[in-house]
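Below are the chains, spelled out letter by letter.
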Amino acid sequence: IVNLLKVPPFAMLGRIKTGNLALAAWMLPVIPLGVAAGYFLTRMTKQKHYLGFIYLILGITSVMVLIEAITSLTVS
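Keep in mind that what you see is a predicted model, and the values were worked out from it rather than measured. (Residues numbered from 1 in each chain as written. Predicted model: local features only at pLDDT ≥ 70, side-chain atom pairs only at ≥ 80, totals over all residues. Heavy atoms only, no water.)

1. Notes on the overall build of the chain
Right, on to step 1. Along the backbone of the chain there are four helices and zero strands.
Right, on to step 2. Listed by position from the N terminus, the elements making up the chain come as α-α-α-α.
Right, on to step 3. Over its C-alpha trace the chain gives a radius of gyration of 17 Å, far above what one expects of a compact globule, namely 11 Å for 76 residues.
Right, on to step 4. Once the C-alpha set of the chain is aligned to its principal axes, its extents read approximately 45 × 35 × 20 Å.
Right, on to step 5. Scored against the burial criterion, the 76 residues of the chain give a buried share of 0%.
Right, on to step 6. Looking at the chain as shown, the accessible area adds up to about 7,200 Å², and 76% of this sits on carbon and sulfur atoms. (Helix = DSSP H or I, 4+ residues; strand = E, 2+ residues; numbered from the N terminus. Rg over C-alpha atoms; globule rule 2.2 N^0.38 Å. Buried < 20%, exposed > 50% of the residue type's maximum accessible area, 1.4 Å probe, protein only. Areas by Shrake-Rupley, 256 points an atom, 1.4 Å probe, with all protein chains shown as cover.)

2. Focus on the layout of surface pockets
Right, on to step 1. Taken as a whole, the largest pocket encloses approximately 170 Å³ of empty space.
Right, on to step 2. No other element matches the three residues that helix H2 (residues 18–27) contributes to the lining of the largest pocket.
Right, on to step 3. Grouping the constituent residues of the lining of the largest pocket by class yields four nonpolar, one polar and one charged. (1 Å grid on protein atoms, 1.4 Å probe; cavity = no way out; pocket = protein on both sides within 12 Å on 5 of 7 lines; lining within 4 Å. Points joined across faces, edges and corners; volume = space filled by probe spheres on them. Nonpolar A, V, L, I, M, F, W, Y, C, P; charged D, E, K, R; others polar.)

3. A short note on the environment of Leu33
Right, on to step 1. Turning to its location among the elements, Leu33 is positioned in helix H3 (residues 31–44).
Right, on to step 2. Taking relative accessible area as the criterion, Leu33 reaches 61% and is therefore assigned exposed.
Right, on to step 3. C-alpha of Leu33 to C-alpha of Ile1: the two residues are 32 residues apart in sequence and 24 Å apart in space.

4. Some words on a nonpolar patch on the surface
Right, on to step 1. The grouping of Leu4, Val7, Phe10, Ile16 and Leu21 at the surface amounts to a nonpolar patch, some 470 Å² of accessible area in total.
Right, on to step 2. When residues in the nonpolar patch are grouped by element, the largest group, three residues, is from helix H1 (residues 2–12).
Right, on to step 3. Looking at where Leu4 falls in the secondary structure, it is placed in helix H1.
Right, on to step 4. Since its relative accessible area comes to 63%, Leu4 is described here as exposed. (Patch = residues over 30% accessible without salt bridge, like charges linked within 9 Å, V, L, I, M, F, W, Y side chains within 5 Å. Salt bridge = Lys/Arg side-chain N within 4 Å of Asp/Glu carboxyl O.)

5. Observations regarding H3
Right, on to step 1. Taking 1.5 Å per residue, 14 residues should reach 20 Å; H3 reaches 20 Å between its end C-alpha atoms and fits that length.
Right, on to step 2. Counted residue by residue, H3 has zero buried out of 14 residues, so it is predominantly exposed. (Expected span 1.5 Å × (residues − 1).)

6. Observations regarding the environment of Leu5
Right, on to step 1. The residue Leu5 is located in helix H1 in this model.
Right, on to step 2. Assessed through its relative accessible area of 60%, Leu5 is described here as exposed.
Right, on to step 3. Here the alpha-carbon distance between Leu5 and Ser72, two residues 67 residues apart in the chain, equals 26 Å.

Interpretation note: all reported values are geometric properties and have no functional meaning in isolation.
This is how it looks when you write it as structure tokens:
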């Protein structure tokens, strides 16, 4: 339900395009493989290493969002 609520704002911002939908449809058959691989890897990995990896990815993503926000402020 939460993801469905995101659709109208994304559509209004022009984020939903035919190319994106075509790519999503093309990738649809591969999604179960990714879910299975993720499930398998999280069960195999020690929790300490898994959490460290998750925190690393979150940190990188946060820095990228901050850089994008700062550059969009300076460009405007």
